[in-house]
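Observations on the model geometry
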Amino acid sequence: MRRKVVSAISITAGSALASAVAPAAETRTVDAAALNQAFEALKSFDWGGDRKVLNPIDDAVAATHGDPAARKDLEKRLLAVLKGGAPRGAQDYILRTLRTIGSAECVPVLAPLLTDKDLSHMARYALERNSAAEAAAALRAALPKTTGALKVGIISSLGARRDTASVPSLAALLSDSDPAVASAAAVALGTIGTAEAGAALAKAVRKAPEGIKPTVTDACLACAEKLLAAGQRSEAATLYKAVDTEDQPRHVRLAAARGRLLAAGKKEQ
């Protein structure tokens, strides 16, 4: 009787293991005919249209995960539609999809869109997620060509990428006449969190206008935390000292005092 029980358990365990492994072994295939139809539909797709007609493209993106050649083909086809003067709904869809599969190849097409008031935000989202060095370079190049909300968005993308090469340009924007731009630059520098970014923030916080001083202060503290975590204690201490001034709120001074203790290698009590 005991041997039968053991056998039953073994069979059950084997079946469970086979079931668990089966999904991993499945390979998703691309329906070429459906995909071609979807790309044709994309050329005239606009907001309010039936979104389901684009599902084969979504399926192809998922199915080609880990297949660079297939992804590159999809990217080329999307870019061809984008350059062909597709409606706004199609442009929006393409830029969203390029956030997932975009490579260096899409940068020359997307870079000019960064100054387009309607497409800038979606273009920068796509470039923000693009790991190619060309994508970061395109975002940096767009900084002097934009103003207002477009510039703020590009600054935010550079911060999200933690693009160290943009630090000098962002540091210069800390004194921009547009408070939104100056604030965005401070936040981006705090996110990037390098010693160079910290030096720019430490200098800016001393003379920051009241309207943006809290933002610059928070950026200083964020940058200092990153420097401290990276073992750059001296640089972190400089930043904490920069915000530990009499004109700062009590909670800021407490945070700065704590940070200075940690930067000095002392444990919190």
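Here's a quick rundown of the structure. Counting restarts for each chain, with residues numbered from 1 along the sequence as it is written. Local features in this predicted model are restricted to residues of pLDDT 70 or higher, and side-chain atom pairs are both shown and tallied only at a pLDDT of 80 or more, whereas totals for entire chains, interfaces and linings draw on every residue. Water and hydrogen atoms were dropped before computing side-chain values, which therefore reflect all heavy atoms in the structure.

Examining the overall build of the protein
Counting secondary structure elements, the protein contains 15 helices and zero strands. Partitioning the intrachain contacts of the protein with sequence separation of at least 6 by distance along the chain shows that 60% fall at a separation of at least 24. Only DSSP runs of H or I reaching four residues or more are called helices, and only runs of E reaching two or more are called strands; each is numbered from the N terminus. The contact rule is simple, with two residues in contact once any of their heavy atoms fall within 4.5 Å.

Observations regarding helix H13 (residues 213–229)
Along an α-helix, residues three or four positions apart point the same way, because every turn accommodates 3.6 residues. Taking 1.5 Å per residue, 17 residues should reach 24 Å; H13 reaches 24 Å between its end C-alpha atoms and fits that length. Only protein chains enter the accessibility calculation, which uses a 1.4 Å probe. A residue is then buried if its area is under 20% of the maximum for its type, exposed if over 50%, and partly exposed in between. Among the residues making up H13, those that are buried are Lys 213, Val 216, Thr 217, Ala 219, Cys 220, Leu 221, Cys 223, Ala 224, Leu 227 and Leu 228. Immediately beyond the C-terminal end of H13, within one or two residues, lies Gly 231, with a positive phi of roughly 85 degrees. To estimate the expected span of a helix, subtract one from its residue number and multiply by 1.5 Å.

A look at unusual backbone geometry
At Arg 162, a position not held by glycine, the phi torsion is positive, near 50 degrees. As for its position among the elements, Arg 162 is in the loop between helix H9 (148–160) and helix H10 (167–172).

Focus on the pattern of salt bridges
The rule for a salt bridge is simple: a side-chain nitrogen of Lys or Arg has to be within 4 Å of a carboxyl oxygen of Asp or Glu. Enumeration over the complete set of coordinates arrives at 10 salt bridges. The salt bridge involving Glu 225 is made with Arg 258; its shortest N-O contact spans 3.4 Å. With Glu 225 in helix H13 and Arg 258 in helix H15 (residues 250–263), this residue pair connects regions lying 33 residues apart in the sequence. By relative accessible area, Glu 225 is classed as partly exposed at 36%. Salt bridges linked by common partners bring Asp 244, Arg 253 and Arg 260 together as one network.

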